[in-house]
Amino acid sequence: MCIRDRYQRRVHGEFDFQVPPRKMRCFGEMFPSNTLVVAETISSSDNYVVRVFNSTGDLLLKRQNDTHIKLSFTTYDEGTYEFCVGSREKDNIINVEFTLKTGVEAKDYTKLAQKHDFKPIEVQIKKMEDLLKSIQMEMKFIVKNEEIRLHDSDSIPTKIMTYSIVTLVVLSILAFVQMRYLKSFFRHKKLI
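Only a predicted model underlies this, so the values are computations on that prediction, with no experimental measurement involved.

Another aspect to go through is the overall build of the protein. For the protein, the count of helices and strands is two helices and nine strands. Tracing the protein from N to C terminus, the helices and strands come up as β-β-β-β-β-β-β-β-β-α-α. Against the globule reference of 16 Å for 192 residues, the protein gives a C-alpha radius of gyration of 28 Å, more extended than a compact globule. Along the three orthogonal principal directions, the C-alpha set of the protein runs to about 105 × 50 × 20 Å.

See the structure below:
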């Protein structure tokens, strides 16, 4: 049974880390929809598993038992995708090199050049077109997330004001009830 250690760290690029025996390390990254993602792990052992979870927490991909694992997928919805590397070793720490590429840098343009018989300059133009489309998608994603956060931050003062007014009314009613009860109690005991 593997125990999960969660990190909310952005993982774009390349980095190294260690996975203790029988543990799992998870890293998350936010992606817009329809983004090509290529993740690659190189490990000191083949006794480990790589899992990718989509933004709703469902298992998207799983690969295991290889020192070099390469995963690729296209995101179908926007959100945070989680990459988990779990050790199946009983005693040894596993060293893992993790690489993540998205969008234009993940796409293999050599096959495109061979398929369409493109010259090197045409391949560069195609890369630039794809890069511009990727930037547009990313900007739309950022603007949409900003609008959601702005809406959330705008609704917070209203919620706080409503809560404060309700609390004030409830406390006033309790004070009134308490005063009436104490008044009747003291009258009954003939102290007033």
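For the coordinates displayed, the defined rule picks out one disulfide. Residue pairing for Cys26: its cysteine sulfur links by disulfide to Cys84, the two sulfurs lying 2.1 Å apart. Since a negative S-S torsion denotes a left-handed disulfide, the Cys26-Cys84 link at about 115° is right-handed. Residue Cys26 is located in strand β3 (residues 23–31), and its partner Cys84 is located in strand β8 (residues 79–87); the two are separated by 58 residues in the primary sequence. In terms of burial, Cys26 and Cys84 fall into one category: buried.

Before going further, it helps to spend a moment on the pattern of salt bridges. This structure, assessed with the given rule, holds three salt bridges. A salt bridge links Asp130 to Lys107, with the shortest nitrogen-to-oxygen separation between them at 3.2 Å. Of this pair, Asp130 sits in helix α2 (residues 120–188) while Lys107 sits in the loop between β9 (94–102) and α1 (109–116), and the two are 23 residues apart along the sequence.

This model, assessed by the stated rule, comprises 12 aromatic pairs. With centroids separated by 5.1 Å and ring planes inclined at 70°, the aromatic side chains of Phe15 and Phe27 adopt a geometry described as edge-to-face. Residue Phe15 is found in strand β2 (residues 13–19), and its partner Phe27 is found in strand β3; the two are separated by 12 residues along the sequence. We classify Phe27 as buried; its relative accessible area is 1%. Through a chain of ring-to-ring contacts, the aromatic side chains of Phe15, Phe17, Phe27, Phe31, Phe73, Tyr81, Phe83 and Phe98 assemble into a single cluster.

Pairing in this open sheet of four strands is antiparallel, and the strands run β2-β9-β4-β7 from one edge to the other. Of all strands in the sheet, those bounded by a partner on one side alone are β2 and β7 (68–74). Going across the sheet, the axis of each strand differs from the next one's by a mean of 20°, ignoring polarity. The pairing of strand β4 (residues 36–43) with β7 spans seven bridges and is classified as antiparallel. Paired with Leu36 across the two strands is Thr74, which belongs to β7.

With that settled, the discussion passes to the confidence of the model for the protein. Of all residues in the protein, 94% attain a pLDDT of 70 or more, and the chain-wide mean is 86. Per-element mean pLDDT across the protein ranges from 43 in strand β1 (residues 3–6) up to 93 in strand β5 (residues 48–53).

What counts and how
Residues numbered from 1 in each chain as written. Predicted model: local features only at pLDDT ≥ 70, side-chain atom pairs only at ≥ 80, totals over all residues. Heavy atoms only, no water. Helix = DSSP H or I, 4+ residues; strand = E, 2+ residues; numbered from the N terminus. Rg over C-alpha atoms; globule rule 2.2 N^0.38 Å. Disulfide = S-S within 2.5 Å. Buried < 20%, exposed > 50% of the residue type's maximum accessible area, 1.4 Å probe, protein only. Salt bridge = Lys/Arg side-chain N within 4 Å of Asp/Glu carboxyl O. Phe/Tyr/Trp six-rings, centres within 6.5 Å; stacked < 30°, edge-to-face > 60°. Pairing = 2+ DSSP bridges. Axes fitted to C-alpha atoms, helices over the stretch in contact; angles between N-to-C directions. pLDDT = per-residue confidence, 0-100.

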